[in-house]
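Understanding the architecture of this molecule
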Amino acid sequence: MALKTKAQYIESLKKLKPTVYMFGQKIENPVDNPRIFAGMSATATTYELAEMEAYRHKITTISPFTGELVNRFNLPAQSIEDLVMRVKINRILGGYTGTCFQRCTGLDCLGALSIVTYNMDQKHGTPYYHRFLDFLKYMQTNDLTGNASVTDVKGDRSLSPHEQDDKDLYLRVVDKSQGGIIVRGAKAHQTGSLSSHEIIVLPTRALRKEDADYAVAFAIPSDTRGLIHVVGRSSLDTRELDGVDCGNIRYSKYCPTLIFDDVFVPWDRVFMCGETDYAGEIVGRFSAYHRQSHGGCKAGKIDAMIGAAQIMAEYNGTSKISHIKEKIVDMIHRAETLYGCSLAASYEGKREPSGTYFIDPVLANASKIHEGKEMAEVGRLLVDVAGGYVADLPSDRDLKNPEIGPLLQKYLKGVADVPTLNRIKMFRLVEKMVLESADTISDIHGGGSAAAHRLTISKESELEPKKRCARRLAGIEE
Ligand code: SF4
């Protein structure tokens, strides 16, 4: 099968029958739900770009596994160029959607699995790499979207998985048979799980031998029996349901909690089962890839935020004021340092024994730490430039009200030649990009917390060469 068009992607989601709950109600058809559909539309842009002349050559490439043209979101990097292109594509899509487009975590899982299943087989004689390759070819041939299911709900953080009172607080294998395994547990923050055809599960942390039941990796269709998607609340979500005051009128982000209520996984979809010595590596590889990915998408989102800041300044009549110009430059340099760090992580990547290329984890994690702080600063600068109405603009419904609408049109005017409605729309977009909780919290916790980023940097950084520099300069001989 060829690449899917955007329309074919949406059609393919309509054929899935996932179990979904939102705001206390069962959602029979998530594609028809405006809140969820806004998220699906963001993922659909990864298909749309493959249809567009200007971007097709960037987002598609020939897969060495199938010999066919595939979307890069389904190809673990086979070269430095692949690593670099993923950052460039993410920047384009971040600017195009102004939010999370949700397809990256699937690729991060494919990348991690393509390295670690190979390494596991070399050490343990397991059959995972070939199973993984079959799954990869299936994803590529059908141009599917995968969703990473990694973050366990974790219960008491001071205890390891097997020490928890309730043993299901980390996803685990509860039964095995000739046909496959049964798993139980829950994964949090599953951005785009309903925009995905496949859910790819990895362990959430390094594990000890006593935690063997928790060392499990597998992939299942997103509408598998026993899999329950409970869509989380976020700060602006009911606006999409109401269809007013949305800000970003095209795209959004939603994050379900995924409950695995005794879900059956056939053996041919199991990529790790009990190999605790590789749990840390698999989640480490996934996380490092995802932190590289963030540097691209968030630089792209900042591009849209810079555009909004500049337009708001023009609408407000403040674009020539020096401190406004300075603030916009401060936004630009933050986008470029994030992007630069993520590109550097790609250019410094290395080939692993399986043939997959892995990024430089120190640079990828440095990029993510930078993002955690600087995205907040970019948001602050944007609000500063835009003005106080980001906080409390009257609703679209007030503007349509025949009694007060004309008065609002008069009093919310900026410069004379810009329609009031345009200024209002841009205020709303600013509000959405800065204050939508589902999106902005991922700047801090997406791909792991800042402490996890620091841990990786500490583990992967060599201090001895740096000490040698200092000793030599100080004239100390040892
Ligand atoms: Fe992709 Fe993650 Fe960025 Fe969303 S937040 S667009 S999944 S890298």
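Note that the coordinates shown come from a computational prediction; the quantities given were computed from them, not determined experimentally.

Thresholds, definitions, all that
- Residues numbered from 1 in each chain as written.
- Predicted model: local features only at pLDDT ≥ 70, side-chain atom pairs only at ≥ 80, totals over all residues.
- Heavy atoms only, no water.
- Phe/Tyr/Trp six-rings, centres within 6.5 Å; stacked < 30°, edge-to-face > 60°.
- Helix = DSSP H or I, 4+ residues; strand = E, 2+ residues; numbered from the N terminus.
- Buried < 20%, exposed > 50% of the residue type's maximum accessible area, 1.4 Å probe, protein only.
- Lys NZ or Arg CZ within 6 Å of the ring centre and 35° of its normal.
- Near = heavy atom within 4 Å.
- Core = buried A, V, L, I, M, F, W, Y, C linked by side-chain atoms within 4.5 Å.
- Pairing = 2+ DSSP bridges.
- Salt bridge = Lys/Arg side-chain N within 4 Å of Asp/Glu carboxyl O.
- Axes fitted to C-alpha atoms, helices over the stretch in contact; angles between N-to-C directions.
- Left-handed = near helix turned anticlockwise from the far one by under 90°.
- Contact = heavy atoms within 4.5 Å.
- Nonpolar A, V, L, I, M, F, W, Y, C, P; charged D, E, K, R; others polar.

The subject of this paragraph is the packing of aromatic side chains. Per the counting criterion, the structure on display carries 10 aromatic pairs. Plain terms: the ring middles of Y96 and Y251 are 6.5 Å apart, the flat faces sit at 35° to each other, and that makes the pair tilted. With Y96 in helix α4 (residues 80–97) and Y251 in the loop between α7 (237–242) and β11 (256–266), the pair connects residues that are 155 residues apart, well separated along the chain. On the basis of an interplanar angle of 40° and a centroid distance of 5.6 Å, the ring pair of F135 and F271 is categorised as tilted. One end of the pair, F135, is in helix α6 (residues 128–141); the other, F271, is in strand β12 (residues 270–273), and 136 residues separate them in sequence. Here F271 falls in the buried class, since its relative accessible area comes to 0%. Clustering of aromatic rings is evident, with ring pairs tying together F132, F135 and F271. A cation over a ring is seen here: R103 above Y47, with NZ or CZ 4.2 Å from the ring centre. Directly above the aromatic system of F23 lies the positively charged group of R233, at a separation of 4.3 Å from the ring centroid.

Near the ligand, the surroundings consist of C100, F101, Q102, C104, H290, S293, H294 and C297. For the shell around the ligand, the element with the most residues is helix α8 (residues 279–316), which contributes 4 residues.

Turning our eyes to something else, we now look at the nonpolar core. V183, F218 and F260 are the most contacted members of the largest nonpolar core, which has 57 residues in total. If you look at the next biggest cluster of nonpolar residues, it comprises 32 residues, including V385, F427, V430 and V434.

A word on the pairing of strand β8 (residues 198–201). Burial of the side chains of β8 extends over both faces: E198 and I200 are buried on one face and I199 and V201 on the other. Bridge count for strand β5 (residues 146–149) against β8 is 4 bridges, and the pairing is parallel. Its bridge partner being in β8, G146 is matched across the sheet by E198. Where β8 meets strand β9 (residues 216–221), 4 bridges bridge the pair, whose relative direction is antiparallel. Among the inter-strand pairings, E198 is bridged to a residue of β9, identified as P221.

Moving on to the pattern of salt bridges. Taken as a whole, this structure holds 32 salt bridges when the rule is applied. We note a salt bridge from E48 to K6, for which the minimum N-O separation is 3.8 Å. Of the two residues, E48 is situated in helix α2 (residues 34–51) and K6 in helix α1 (residues 6–14); the sequence distance between them amounts to 42 residues. The class for E48 is buried, based on a relative accessible area of 15%. Between R334 and E374 there is a salt bridge, and its shortest N-O distance comes to 2.4 Å. Of this pair, R334 sits in helix α9 (residues 322–347) while E374 is found in helix α10 (residues 361–386), placing the two residues 40 residues apart along the sequence. As far as the burial class goes, R334 and E374 line up, both buried. Several salt bridges share partner residues, and in doing so they unite R35, E240, K432 and E436 into one network.

Let us now look at the packing of α4 against α8. Orientation of α4 relative to α8, taken along the N-to-C sense of each, is 35°, at an axis distance of 6 Å. For the element pair α4 and α8, the recorded crossing hand is right-handed. Facing L83, R86, V87, N90, R91, G94 and G95 of α4, the residues of α8 in contact are Y289, Q292, S293, G296, C297, A299, G300, K301, D303 and A304. Residues belonging to the contact of α4 with α8 are distributed by class as follows: 6 nonpolar, 7 polar and 4 charged.

The residue K301 is located in helix α8 in this model. Overall, the relative accessible area of 2% leaves K301 in the buried class. In this structure, K301 is in contact with G94, G95, G98, M375, M433, D439 and T440, ignoring residues within four places of it in sequence.

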